[in-house]
Amino acid sequence: MGKVVLVTGANSGIGLALCERLLSHDAQLQLCLGCRNMQRAEAAKHALLVSHPKAQVSIIQLDVSSVHSVLRAAQEIRHRYNRLDYLYLNAGIMPNPHVDYKAFYKGLFSGRAIHMFSTGEGLLTQKDTLTSDGLQKVFATNLFGHFLLVRELEPLLCRPGCSSQVIWTSSSNAQRSAFCLDDIQHKGGVEPYSSSKYASDLLSLALNRRYNSQGVYSSVICPGLVMTNLTYGILPSFLWTLIMPLMWLLRMFTNTFTLMPYNGAEALFWLFMQKPETLDPLAKYHSLTSGLGNNYTQPRKVSTDNYVILTLCLQKISPDLLNSSSQGDISLLFDEPYLICKYEGYFYAQIKLES
Ligand SMILES: NC(=O)C1=CN([C@@H]2O[C@H](COP(=O)(O)OP(=O)(O)OC[C@H]3O[C@@H](n4cnc5c(N)ncnc54)[C@H](OP(=O)(O)O)[C@@H]3O)[C@@H](O)[C@H]2O)C=CC1
Ligand SMILES: CC(C)=CCC[C@@H](C)[C@H]1CC[C@H]2C3=C(CC[C@]12C)[C@@]1(C)CCC(=O)[C@@H](C)[C@@H]1CC3
């Protein structure tokens, strides 16, 4: 049986480009596309089969923002496969983005212009909404649903004598300043995207602590700035077309302008070929494209110094261990040295504080 790979958000952008690259590399793969929209999923499957007619590609309906959908999809995946070698947690959203042009012009003439272009730091805000579970949508999509998926697929990921990889599509937009322990869903802020990506970096560290001994290795990547549905939602397309020559020029100064989904998928693909035991749990793997168009992957330390290192150790406990909990309320109970985050009295996160 070939390796089993599940990719969330596989029907477009970086996820779809990754699937193309994986199938070109290994024709024996059993590739499962985790998508919320079946029509878009079928179109993606069709496109993959046109270039790889013999490939084994299946679809699982999965809305990562919905607890019910994740639980149902995980059950179906456990039924279909007896192993999972790679779990790509790639689906992500940045709803209703707004560019702060004042900060942009200020940044242009500061010494941090390149940093601003490669991280988007301080330039973007978003308006979040609620899911039907009553959770903040960005948190539920980019982080919580994926966490539930990992937990629910544990029996396929943790197999004696075998190793598996969990790979998060994070971002260099992940910022410590956007993440607040008292508000992990980012209910009260305007940078839920940045907050959710920072939390995914922390969560990946925690997953490594918890699962490495069972052969499961978690990594985070940043694909760079890639032109996809997500980025086309930030500026009107005519503006992107206008500034495109500038973006190609900027590649000479920052290799983070990968621009094409194929390039953005570089680090995701690179990780596929690594021995997971050799990976650095404290690294974020960046897809980079040089001015001459060469792709490569570079590990950079996840920014965890100069402030408290937070380790999210997420676990599943029985409902009776927790008392009252209202639907959609991820509440935090302080229990030194842990913060316990609960959801429907069932899932909770232990956030250990270290100095
Ligand atoms: N583009 C960029 O510059 C960067 C992107 N990223 C990250 O890369 C990842 C992929 O994004 P990208 O390819 O750019 O953008 P796309 O919008 O092209 O892809 C996002 C994918 O996620 C899927 N998705 C969104 N919400 C859900 C959900 N609730 N359940 C299941 N699938 C969902 C989308 O499905 P549907 O088609 O149905 O909407 C789509 O397939 C994201 O995590 C993003 O944050 C990180 C850094 C930079
Ligand atoms: C209006 C003009 C002339 C320029 C505006 C440029 C910004 C819209 C653009 C500059 C850096 C970009 C960037 C991202 C979004 C668009 C920018 C802010 C991201 C935040 C997109 C999502 C990610 O995850 C990051 C890695 C990107 C970092 C750079």
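Sequence order as written defines the numbering, with residues in each chain counted from 1. For this description, chains carry letters from A and ligands carry numbers from 1, given in the order in which they are written. In keeping with the predicted nature of the model, local features appear solely for residues at pLDDT of at least 70, side-chain atom pairs appear and are counted solely at 80 or more, and the whole-chain, interface and lining totals rest on all residues. To get the side-chain values, all heavy atoms of the structure are used, and hydrogens and water are removed first.

Caption draft 1: Representation of the site of ligand 1. Proximity is defined per residue: if any heavy atom of the residue lies within 4 Å of a molecule or strand, that residue is considered near it. Near ligand 1 lie 29 residues; those nearest to it are R36, D63, N90, Y193 and T228. We call two N or O atoms a polar contact when they sit within 3.5 Å, provided that within protein one can donate a hydrogen and the other can accept it, with sequence-adjacent residues counted only if both atoms are side-chain atoms. One nitrogen or oxygen atom from the side chain of D63 is found 2.7 Å from a nitrogen atom belonging to ligand 1. Between ligand 1 and K197, the relevant distance is 2.9 Å, taken from an oxygen atom to a side-chain nitrogen or oxygen of the residue. Surface accessibility in these figures is a Shrake-Rupley result with a 1.4 Å probe; residues are shielded only by whichever protein chains are displayed. Relative to its unbound accessible area of 890 Å², ligand 1 is 94% covered by the protein chains. Starting at the N terminus, helices and strands are each numbered in turn, a helix being any DSSP run of H or I of at least four residues and a strand any DSSP run of E of at least two. Listed by contribution, the elements that provide at least two residues to the shell around ligand 1 are α1 (13–25), α8 (192–211) and α9 (229–232). The element that contributes the greatest number of residues to the shell around ligand 1 is α9, accounting for three residues. Each residue belonging to the shell around ligand 1 can be placed in one class, and the counts come to 10 nonpolar, 15 polar and four charged. Polarity classes work like this: nonpolar for Ala, Val, Leu, Ile, Met, Phe, Trp, Tyr, Cys and Pro, charged for Asp, Glu, Lys and Arg, and polar for all others, with Gly in that last group.

Caption draft 2: View of the site of ligand 2. Residues in contact with ligand 2 amount to 18 residues; listed here are only the nearest, Y101, F104, F117, S171 and Y193. Between ligand 2 and the protein, one listed contact pairs an oxygen atom with a side-chain N or O atom of Y193 at 2.9 Å. Summarising the interface, the protein chains cover 93% of the accessible area of ligand 2, which totals 610 Å² for the free molecule. Elements with a minimum of two residues in the shell around ligand 2: α4 (101–108), α5 (113–119) and α10 (237–250).

Caption draft 3: Highlighting unusual backbone geometry. Phi angles above zero are rare outside glycine, and N96 is one such case at about 45°. As for its placement among the helices and strands, N96 is situated in the loop between β4 (86–89) and β5 (97–99). Burial here depends on accessible area, computed with a 1.4 Å probe over protein chains only, as a share of the maximum for the residue type. Under 20% is buried, over 50% is exposed, and the range in between is partly exposed. Overall, N96 belongs to the partly exposed group, its relative accessible area being 48%.

Caption draft 4: Representation of the nonpolar core in the model. Definition of nonpolar core: a set of buried residues of the types Ala, Val, Leu, Ile, Met, Phe, Trp, Tyr and Cys, connected through side-chain atoms within 4.5 Å. Formed by 43 residues in total, the largest nonpolar core has its most connected members in L6, L87, L149 and L153. At the level of secondary structure, the elements contributing two or more residues to this core comprise β1 (4–8), α3 (67–80), β4, α6 (137–152), α7 (154–157), β7 (164–169), α8 and β8 (216–222). For this core, the leading source of residues is α6, giving eight residues. Apart from the residues within four sequence positions on either side, L6 is in contact with C32, G34, I60, I77, L84, Y86, L87, Y88, L149 and L153. Here, two residues are considered to be in contact whenever any of their heavy atoms come within 4.5 Å of each other.

Caption draft 5: Examining the UniProt feature "transmembrane region" (unreviewed entry) in the protein chain more closely. On the UniProt side, "transmembrane region" (unreviewed entry) is annotated at positions that read residues 230–250 here. Secondary structure within residues 230–250 divides into 81% helix and 0% strand; the distance between the first and last C-alpha atoms comes to 20 Å. UniProt positions are given in the numbering used here, feature names are shortened, and annotations may be inferred rather than shown by experiment.

Caption draft 6: α1, seen in detail. Its 13 residues give α1 an end-to-end C-alpha distance of 19 Å, which sits within 8% of 18 Å, the value for a rise of 1.5 Å per residue. Within α1, burial applies to I14, G15, A17, L18, C19, R21, L22 and L23. Each residue after the first adds 1.5 Å to the expected span of a helix.

Caption draft 7: How the structure looks around the packing of α6 against α8. Closest axis-to-axis distance for the α6/α8 pair is 8 Å, and the angle between their directions is 15°. Regarding the angle of α6 to α8, the classification is roughly parallel. The two elements α6 and α8 cross, and the hand of that crossing is right-handed. In contact with V138, N142, L143, F147, V150 and R151 of α6, α8 contributes P192, Y193, S196, K197, A199, S200, L203, L207, R210 and Y211. When its residues are assigned to classes, the contact of α6 with α8 shows 10 nonpolar, three polar and three charged. Helix axes use the C-alpha atoms of the stretch in contact, all axes being lines fitted to C-alpha atoms, and the angles between their N-to-C directions lie in the range 0 to 180 degrees. We call two directions roughly parallel when the angle between them is under 35 degrees, roughly antiparallel when it is over 145, roughly perpendicular when it lies between 65 and 115, and oblique otherwise. By convention, the crossing between two helices is left-handed when the near helix turns anticlockwise from the far helix through less than a right angle, and right-handed when the turn is clockwise.

Caption draft 8: Region of interest: the pattern of salt bridges. Put simply, a salt bridge is a Lys or Arg side-chain nitrogen that is within 4 Å of an Asp or Glu carboxyl oxygen. According to the stated counting rule, one finds nine salt bridges in the structure shown. The residue D201 makes a salt bridge to K284 at a minimum N-O spacing of 2.8 Å. Linking D201 in helix α8 with K284 in strand β9 (residues 283–289), this pair joins segments that are 83 residues apart in sequence. Look at K284 and you get buried, because its relative accessible area is 7%. Between K301 and D280 there is a salt bridge; the shortest N-O distance is 2.6 Å. Of this pair, K301 sits in strand β10 (residues 295–301) while D280 is found in the loop between α12 (266–272) and β9, placing the two residues 21 residues apart along the sequence.

Caption draft 9: Structural view of the packing of α1 against helix α2 (residues 38–51). In the contact formed by α1 and α2, the axes pass within 10 Å of each other and the chain directions differ by 30°. Put simply, α1 runs roughly parallel to α2. Here α1 runs over α2; the crossing is right-handed. Along the contact surface, α1 presents L16, C19, E20 and L23, while α2 presents A44, A47, L48 and S51. When the residues that make up the contact of α1 with α2 are grouped by side-chain class, the tally is six nonpolar, one polar and one charged.

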